[in-house]
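Chain and residue survey
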Amino acid sequence: MVTAQESQENRLLTFANIFKGYMGIMPIVTAALAPLLTAMNVIPVYESQRKPLAAMAGILGFLLLAWVFYVRRTIALGSVKTGYRTFFNLCPLILVLASVFCYVSYTNSLDTSLTQISQANSGVTRVLALGTWSENNAVPASLRLQLLYLGMFLFAEAAFVIMALREYSIDVLRISEHDWMFGSQEGSPSAATLPDSSAHQG
């Protein structure tokens, strides 16, 4: 007969497996979506910048994924050590807010750029400016627009990867979901109760 505690642990295990699987695939999906969404013109972009942005979004996205995984030891240890834990807890949220900031700034900068074009070139509509016109003329605030556009995706992906690494660290340390949620953290008086916590601090 399954006890209440075992039932609770089974529910937590199911939740953890689903969540970890979700977090594990999302950084890759985000990196793959960036060039796809750019090519589909989901977010308005000058036609002259579309292909370069699609290529750079994909390349930089996967390079960012590889770099964060490359420094996974620093992130993993920092996320459980007193003094660094708060930073790594807030880091994904900061990155998400940075992504939102880039989106808002991009839309405002794009509107300003289009306004400058329409004022300097009578008869050039928004659609025309975003389309063929940009292929033969200089785009106002071109560099700013490209950096903000890439920032939208790169900041979001970095947030996903860091959160996924936290879940990966839990698996490597073989810490149960119950201990991770309600047990002592590294650096506290009873931190030694965590399974194998000292063996993996390197």
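Residues numbered from 1 in each chain as written. Predicted model: local features only at pLDDT ≥ 70, side-chain atom pairs only at ≥ 80, totals over all residues. Heavy atoms only, no water.

**A few points about the overall build of the protein**
Broken down by element type, the protein carries seven helices and zero strands. Beginning at the N terminus, the succession of helices and strands in the protein can be written as α-α-α-α-α-α-α. Counting the 202 residues in the protein, one finds 39% classified as buried. If you take every contact in the protein between residues at least 6 apart in sequence, the share linking residues at least 24 apart comes to 73%. As displayed, the protein offers around 11900 Å² of accessible surface, 66% of which is attributable to carbon and sulfur atoms. (Helix = DSSP H or I, 4+ residues; strand = E, 2+ residues; numbered from the N terminus. Buried < 20%, exposed > 50% of the residue type's maximum accessible area, 1.4 Å probe, protein only. Contact = heavy atoms within 4.5 Å. Areas by Shrake-Rupley, 256 points an atom, 1.4 Å probe, with all protein chains shown as cover.)

**Some details on the nonpolar core**
The biggest cluster of nonpolar side chains holds 22 residues, and the ones touching the most others in it are Tyr 46, Tyr 106, Leu 110, Tyr 149 and Met 152. Of all the elements in the fold, those that place two or more residues in this core are α2 (47-70), α4 (85-120), α5 (126-136) and α6 (142-173). Broken down by element, this core gets its largest block of residues, six residues, from α6. In this structure Tyr 149 touches Leu 37, Thr 38, Ile 43, Leu 53 and Tyr 106, once residues within four positions along its chain are discounted. Counting 12 residues, the second largest nonpolar core, distinct from the first, contains Leu 64, Phe 88, Cys 91 and Leu 165. (Core = buried A, V, L, I, M, F, W, Y, C linked by side-chain atoms within 4.5 Å.)

**Brief notes about α4**
Between its first and last C-alpha atoms α4 spans 52 Å; for 36 residues at 1.5 Å apiece the expected length is 52 Å, and the two agree. At Cys 91, α4 is bent by approximately 35 degrees, the largest bend along its length, and proline Pro 92 sits one to four residues beyond. (Expected span 1.5 Å × (residues − 1). Bend = angle between axes of the 7 residues up to and from the residue.)

**Quick look at the side chain of Ser 134**
By the element assignment, Ser 134 lies in helix α5. Judged by its relative accessible area of 3%, Ser 134 falls in the buried class. Looking at Ser 134, its side chain comes within polar contact range of the main-chain nitrogen of Ser 48, at 3.3 Å. A distance of 2.9 Å separates a polar atom in the side chain of Ser 134 from the backbone oxygen of Gly 131. With residues up to four places along the chain from it excluded, the contact list for Ser 134 reads Tyr 46, Glu 47, Ser 48, Leu 128, Ala 129 and Val 139. (Polar contact = N/O pair within 3.5 Å; in protein donor to acceptor, adjacent residues only side chain to side chain.)

**Observations regarding the pattern of salt bridges**
Inspection of every chain in the model, using the stated rule, returns two salt bridges. Linking Glu 47 and Arg 50 is a salt bridge whose minimum nitrogen-to-oxygen distance equals 3.0 Å. You can see Glu 47 and its partner Arg 50 sitting in helix α2, three residues apart, about one turn around the helix. Where Arg 126 meets Asp 111, a salt bridge forms, and the shortest distance between an N and an O atom there is 3.2 Å. In this pair, Arg 126 sits in helix α5 while Asp 111 sits in helix α4, placing the two residues 15 residues apart along the sequence. A relative accessible area of 35% means that Asp 111 is categorised as partly exposed. (Salt bridge = Lys/Arg side-chain N within 4 Å of Asp/Glu carboxyl O.)

**So, the packing of α4 against α5**
It is at 9 Å that the axes of α4 and α5 come closest, and there the two elements cross at 90 degrees. Between α4 and α5, the angle falls in the class roughly perpendicular. Residues Leu 110, Asp 111, Leu 114 and Ile 117 of α4 lie in contact with α5, whose contacting residues are Arg 126, Ala 129, Leu 130 and Trp 133. Broken down by class, the residue content of the contact of α4 with α5 amounts to six nonpolar, no polar and two charged. (Axes fitted to C-alpha atoms, helices over the stretch in contact; angles between N-to-C directions. Parallel < 35°, antiparallel > 145°, perpendicular 65-115°, else oblique. Nonpolar A, V, L, I, M, F, W, Y, C, P; charged D, E, K, R; others polar.)

**Some details on α2**
In a regular helix each residue adds 1.5 Å, so 24 residues correspond to 34 Å; α2 covers 35 Å between its end C-alpha atoms and thus fits that length. Most pronounced at Leu 53, the bend in α2 amounts to some 25 degrees. Turning to α2, its buried residues number three or more, namely Gln 49, Arg 50, Leu 53, Ala 54, Ala 57, Gly 58, Gly 61, Leu 64, Leu 65 and Val 68.

**A closer look at the side chain of Gln 49**
Relative to the elements of secondary structure, Gln 49 occurs in helix α2. The class for Gln 49 is buried, based on a relative accessible area of 3%. A distance of 2.9 Å separates polar atoms of two side chains, one belonging to Gln 49 and the other to Ser 142. The residues contacting Gln 49, other than those within four sequence positions of it, are Val 139, Ser 142, Leu 145 and Gln 146.

**Notes on a nonpolar patch on the surface**
A grouping of Leu 33, Leu 36, Met 40 and Val 42 is seen on the molecular surface, where their side chains present a nonpolar patch of about 370 Å² in accessible area. Relative to the helices and strands, Leu 36 is located in helix α1 (residues 4-39). Owing to a relative accessible area of 44%, Leu 36 belongs among the partly exposed residues under this scheme. (Patch = residues over 30% accessible without salt bridge, like charges linked within 9 Å, V, L, I, M, F, W, Y side chains within 5 Å.)

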